[in-house]
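# Breakdown of the fold
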Amino acid sequence: MPAADCAQTPQAECIRHGTAAFRRVNAAMFAAGLSTFGLLYCVQPLMPAFSAHYAVSAAVSALSLSLTTGILAIAMLFAGAVSDRLGRARVMNFALLSSAVLVLLSAAAPGWHALLLCRALLGLTLSGLPAVAMTYLSEEMHADSIGLGMGLYIGGSAIGGMGGRLLAGVAADFWGWRIGIAAVGTSGLLAALVFARTLPPSRHFQARALDLRALAARCTGLFRDAALPWLFAQGFLLLGAFVTVYNYLGYRLMAAPYHLSQADVGLIFTLYLVGTFSSAWMGQLAGRVGRRRVLWTAFVLMLVGVALTLPGSLWLIGLGVALLTFGFFGGHSIVSSWVGRRAGAAKAQAAALYLFAYYLGSSVAGASGGLFYADWGWNGVAAFAGALVLLGLIVALHLYRIAPLSSTATPRAAMSRGAMP
C-alpha cells in the first residue's frame, strides 16, 4: 500500500513553511546535506595530490570520485525500496553514520586500491540518503512548501559540498591529504548526530513488503510519463557537466601560468555559496511561474559560465564557474521537485531513477572529462562540458512544450499559484 502522502491526501496534516516542524526538517536536512555531499566530494580538490602521491593520471585519480558516484547511482535504484520496508528515517540515519566511518577509514588507507575500495563502499552506504530524502520531503511537505523545502535541502547540500572540498583542500595544504579527509569524516559524524536528534518522525509513511514485480511495474510505468524520462536525462546532463568542470579545474589552476596552491584551489569551492541562494530562489520562482518557464534559463547560465572559463583571466574563470554553479543548483532544484510532482504514488522509485541518472552523469562524464583534458587541455574539458549543457538546453525547451498534468492528478494548492508540474 503506498504511503498516504500530502500530494494524495491534501487534507492531511502536512509540514508547511513557517512552522516549527518545517524548521526542524530544514535543520535535519541541512545537516544531512552537509554530511552527504561533504563526504562524497571531499576528494575532488585532492585529485592533483592523489596524482602526485600515487603517480596516477588525472583520469585515474578521478576514479576516487567517479567510482563512488557510479556505485551510488546503481545502489539508489534499490534504496527507495529498502526505505519502503524499513522506514525513511532509519535508512537515512544508517547511511549518514556508516558513510562517515568509511571516510575516516579511507584517510588511513595504506594504498591506492585500498582507498578506492573505501570510496566504492561509500557509494553503497551513501545511497540511503539522497533518494530517500527526496521521498521523505515529497511525503511530508505540503504542496505549497515542497519547492522551498527541496530548495533549502539542496542549498544545504551546496554548503556541504563546498565545506567538504574547502576543509579537505585547505587542511591538505598544511597537514597532508589524509588529515584533510579525516577532518571531513569527523564533521560527518557530528552531522549524523544532529540529523538523528532533529528530524521529525514520518506522519505519512506506511511500511510495505518488498515486491520486486510491483517495483518493476512502478518503475516501468514512470517511463510512460511524457516528461519523466526527459527529467531523468536532465539529471545526467546537469551533474555530468558540473562535475567535469570542477574535477579538472584544480589541475588547470595549479599548473602554469597560475601556479595556485592546494589551499587556493580549495578556496575556489566557496563559489558553492551561490548555489545555496540559487537553489532556493529558483525553486521558489519555478513554483510561482512554472517549472517549464524557468528551467531553460538555468542551462543558459551554465552555458555562458562554461564559455567564460575559456579565456586565461582568473577573474573571468571565477565568474564563469560562479554562473555555472548558480545555474546548476537552480536547475537541480527545479528538476528534482518536478520529478516528485509528476511521480504520483511512485515517488521513491522516481527519485531513485532520477538520482541514478544524476550520479551516473557524475561518474561517466566526470571520468570521460579526463580523457579530453589529457588530449586537448582545458579547451577539451570546456567543449565537452558545453556540449552536455547544450543538450540539456534542448531537452529543457522540449519539456516546455509538454502539457502539464491535469488538475485531477495534481494538488490544487500548487496549480492555483500558477505552478506547472
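Further up the page is the structure itself.
Calculation rules
- Residues numbered from 1 in each chain as written.
- Predicted model: local features only at pLDDT ≥ 70, side-chain atom pairs only at ≥ 80, totals over all residues.
- Heavy atoms only, no water.
- Patch = residues over 30% accessible without salt bridge, like charges linked within 9 Å, V, L, I, M, F, W, Y side chains within 5 Å.
- Areas by Shrake-Rupley, 256 points an atom, 1.4 Å probe, with all protein chains shown as cover.
- Salt bridge = Lys/Arg side-chain N within 4 Å of Asp/Glu carboxyl O.
- Helix = DSSP H or I, 4+ residues; strand = E, 2+ residues; numbered from the N terminus.
- Buried < 20%, exposed > 50% of the residue type's maximum accessible area, 1.4 Å probe, protein only.
- Expected span 1.5 Å × (residues − 1).
- Arc of directions from axis to C-beta.
- Contact = heavy atoms within 4.5 Å.
- Phe/Tyr/Trp six-rings, centres within 6.5 Å; stacked < 30°, edge-to-face > 60°.
- Axes fitted to C-alpha atoms, helices over the stretch in contact; angles between N-to-C directions.
- Parallel < 35°, antiparallel > 145°, perpendicular 65-115°, else oblique.
- Left-handed = near helix turned anticlockwise from the far one by under 90°.

A surface patch of nonpolar side chains, about 420 Å² in accessible area, is lined by Trp296, Val300, Val304, Leu397 and Tyr400. Only helix H14 (291-308) and helix H16 (347-400) provide two or more residues apiece to the nonpolar patch. Broken down by element, the nonpolar patch gets its largest block of residues, three residues, from H14. Mapped onto the secondary structure, Val304 falls in helix H14. Look at Val304 and you get partly exposed, because its relative accessible area is 42%.

The next point concerns H14. Between the first and last C-alpha of H14 there are 26 Å, a value that for 18 residues agrees with the 26 Å anticipated at 1.5 Å per step. Along H14, the residues that are buried comprise Arg291, Arg292, Val294, Leu295, Ala298, Phe299, Met302, Gly305 and Val306. The arc that holds every buried residue of H14, seen down its axis, measures 165 degrees, which confines them to one face. Residues of H14 that are buried make contact with helix H11 (228-254), helix H13 (273-289), helix H15 (314-342) and H16.

Applying the stated criterion across every chain, the model contains three salt bridges. A salt bridge links Arg88 to Glu139, with the shortest nitrogen-to-oxygen separation between them at 2.5 Å. You can see Arg88 sitting in helix H5 (residues 88-107) and its partner Glu139 sitting in helix H7 (residues 130-140), a full 51 residues away along the chain. An identical accessibility class is assigned to Arg88 and Glu139; each is buried. Here Arg342 and Asp225 are joined by a salt bridge, their closest N and O atoms 2.9 Å apart. Placement of Arg342 in helix H15 and of Asp225 in the loop between helix H10 (212-222) and H11 is noted, with a sequence separation of 117 residues between them. Salt bridges sharing partners connect three or more residues here, namely Asp84, Arg88 and Glu139.

Turning our attention to the packing of aromatic side chains. For the coordinates displayed, the defined rule picks out 23 aromatic pairs. Considering the side-chain rings of Tyr358 and Tyr359, the 4.9 Å spacing of their centres and the 85 degrees angle between planes classify their relative orientation as edge-to-face. With relative accessibility at 4%, the residue Tyr358 sits in the buried group. An aromatic cluster is present here, built from Phe242, Tyr246, Phe269, Phe328, Phe329, Tyr354, Tyr358 and Tyr359 joined pairwise through their rings.

Below, the discussion takes up H13. The periodicity of an α-helix, 3.6 residues per turn, causes residues three or four positions apart to be oriented the same way. Along its 17 residues, H13 runs 25 Å from first to last C-alpha, staying within 8% of the 24 Å computed at 1.5 Å per residue. Gly290, located one to two residues past H13, shows a positive phi value of around 115 degrees.

This part takes up the packing of helix H1 (residues 20-41) against helix H9 (residues 177-198). With their axes 8 Å apart at the nearest point, H1 and H9 run at an angle of 155 degrees to one another. Relative to H9, H1 is oriented roughly antiparallel. Note that H1 runs across H9; the crossing there is left-handed. In this structure, H1 uses Arg24, Ala27, Ala28, Met29, Ala31, Ala32, Ser35, Gly38 and Leu39 to contact H9, whose residues at the interface are Val184, Gly185, Gly188, Ala191, Val194, Phe195, Arg197 and Thr198.

Once that is clear, we can look at the environment of Trp177. Positionally, Trp177 belongs in helix H9. Sequence spacing of Trp177 and Pro45 is 132 residues, and the spatial spacing of their C-alpha atoms is 9.8 Å.

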